[in-house]
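# A closer look at the structure
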Amino acid sequence: MPPAGANPYVDGSAFHFYSPNSPISVLSQVHDAFPTKNVYFTELWTQAPGNFPSDLSYHVSNLEIGAVRNWSRNVLEWNLASDQNYGPYTNGGCSQCLGAVTINGDVVTRNPAYYTVAHSSKFVRPGSVRVATNVPGNLQNVAYKTPNGKRCLVVLNTGPTLQSFTIQYKGKVVNTSLYGGAVATYIW
């Protein structure tokens, strides 16, 4: 526990997510204990060579949706770019982590982190504010009001089959569906 005098100098707590025994909800536990401090999510890696379907679902569920629904002010993946040898990394650092993209000479390969972050970063711009939504069944989601007044909803179907659902806003309803394991971003 830091000394009591440190409180004015502490902005908040940062988290990395590497243990399946520590659910993303621990961010809310820290927020509840220190509600005037910020919570930041600063790293999750993707094991090379990657498994796109499971990596996409895991990262969207825990980062793009889970971290933000648990008070995180941001979401960061491990690294923006790495080379074909997973570098650069520090001695003792991750020698098998995929960046969002792999650069091998003139060839750029988009990896799972590229696509997971893309579902939010293109539409959830700085200054966006998370707004409340429900979580019906297997449809994990997070919604935002953006600085330009739009709404952005990221939905992940964690179930195995196509699931229909509605998006309701100010008396208007849109019927849509999402295949099992798929993620979609809705803007209005």
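Everything discussed here concerns the structure shown above.
Residues numbered from 1 in each chain as written. Predicted model: local features only at pLDDT ≥ 70, side-chain atom pairs only at ≥ 80, totals over all residues. Heavy atoms only, no water.

### Things to note about helix α3 (residues 112-121)
Of all the positions in α3, only P112, A113, T116, H119 and S120 are classed as buried. Along the axis of α3, the buried residues cluster in a sector spanning 130 degrees; they form a single face. Looking at the buried side of α3, the elements it contacts are β3 (46-47), α2 (52-69), β6 (97-98), β11 (151-157) and β14 (183-187). (Buried < 20%, exposed > 50% of the residue type's maximum accessible area, 1.4 Å probe, protein only. Helix = DSSP H or I, 4+ residues; strand = E, 2+ residues; numbered from the N terminus. Arc of directions from axis to C-beta. Contact = heavy atoms within 4.5 Å.)

### Considering the packing of aromatic side chains
Tallied over the entire structure, the rule returns six aromatic pairs. An angle of 80 degrees between the planes, with centres 5.6 Å apart, marks the rings of F52 and Y115 as edge-to-face. On the criterion of sequence distance, the pair formed by F52 in helix α2 and Y115 in helix α3 is long-range, its members being 63 residues apart. Using a relative accessible area of 34% as the deciding quantity, one classes Y115 as partly exposed. Ring centres of Y114 and Y115 lie 5.0 Å apart, and the angle between their planes is 80 degrees; on these two criteria the pair is classed as edge-to-face. Judged by its relative accessible area of 33%, Y114 is partly exposed. Clustering of aromatic rings is evident, with ring pairs tying together F17, F41 and Y58. Its guanidinium or amino end placed over the ring of W71, R130 lies 6.0 Å from that ring's centre, counting from NZ or CZ. (Phe/Tyr/Trp six-rings, centres within 6.5 Å; stacked < 30°, edge-to-face > 60°. Lys NZ or Arg CZ within 6 Å of the ring centre and 35° of its normal.)

### Points about the sheet that holds strand β5 (residues 81-83)
With respect to topology, three strands assemble into an open sheet ordered β5-β7-β8, the strand pairing being mixed. Each edge of the open sheet carries a strand with a single partner, namely β5 and β8 (107-110). Each strand axis lies, on average, 25 degrees off the axis of its neighbour in the sheet, ignoring direction. Judged from the four bridges that link them, strand β7 (residues 101-104) and β8 form a sheet pairing that is antiparallel. Pairing of N104 across the sheet is with V107, part of β8. (Pairing = 2+ DSSP bridges. Axes fitted to C-alpha atoms, helices over the stretch in contact; angles between N-to-C directions.)

### Here's the deal with the packing of α2 against α3
The interhelical angle for the contact between α2 and α3, taken along N-to-C directions, is 40 degrees, at an axis separation of 9 Å. Taken together, α2 and α3 sit at an angle that is classed as oblique. As α2 packs across α3, the resulting crossing turns out to be right-handed. Together, F52, D55, L56, H59, V60 and E64 of α2 and P112, Y115, T116, V117 and S120 of α3 make up the contact between the two elements. Tallied by class, residues from the contact of α2 with α3 come to six nonpolar, three polar and two charged. (Parallel < 35°, antiparallel > 145°, perpendicular 65-115°, else oblique. Left-handed = near helix turned anticlockwise from the far one by under 90°. Nonpolar A, V, L, I, M, F, W, Y, C, P; charged D, E, K, R; others polar.)

### Comments concerning the side chain of S28
Considering the arrangement of structural elements, one finds S28 in helix α1 (residues 26-33). Once residues lying within four places of it in the same chain are set aside, the contact partners of S28 are R69, N70 and W71.

### Observations concerning the sheet that holds strand β1 (residues 12-16)
Within a sheet, neighbouring strands are paired by backbone hydrogen bonds and run either parallel or antiparallel to one another. With parallel pairing, the three strands of this open sheet are ordered in space as β1-β2-β4. Two strands close off the open sheet at either side, each with one partner strand: β1 and β4 (72-75). With strand direction ignored, the average angle separating the axes of adjacent strands in the sheet is 20 degrees. Bridge count between β1 and strand β2 (residues 38-43): five bridges; the pairing is parallel. In the strand pairing of β2, H16 is matched with E43. In the packing of α1 onto the sheet, the strands contacted are β1, β2 and β4, and the crossing angle to β1 comes to about 170 degrees.

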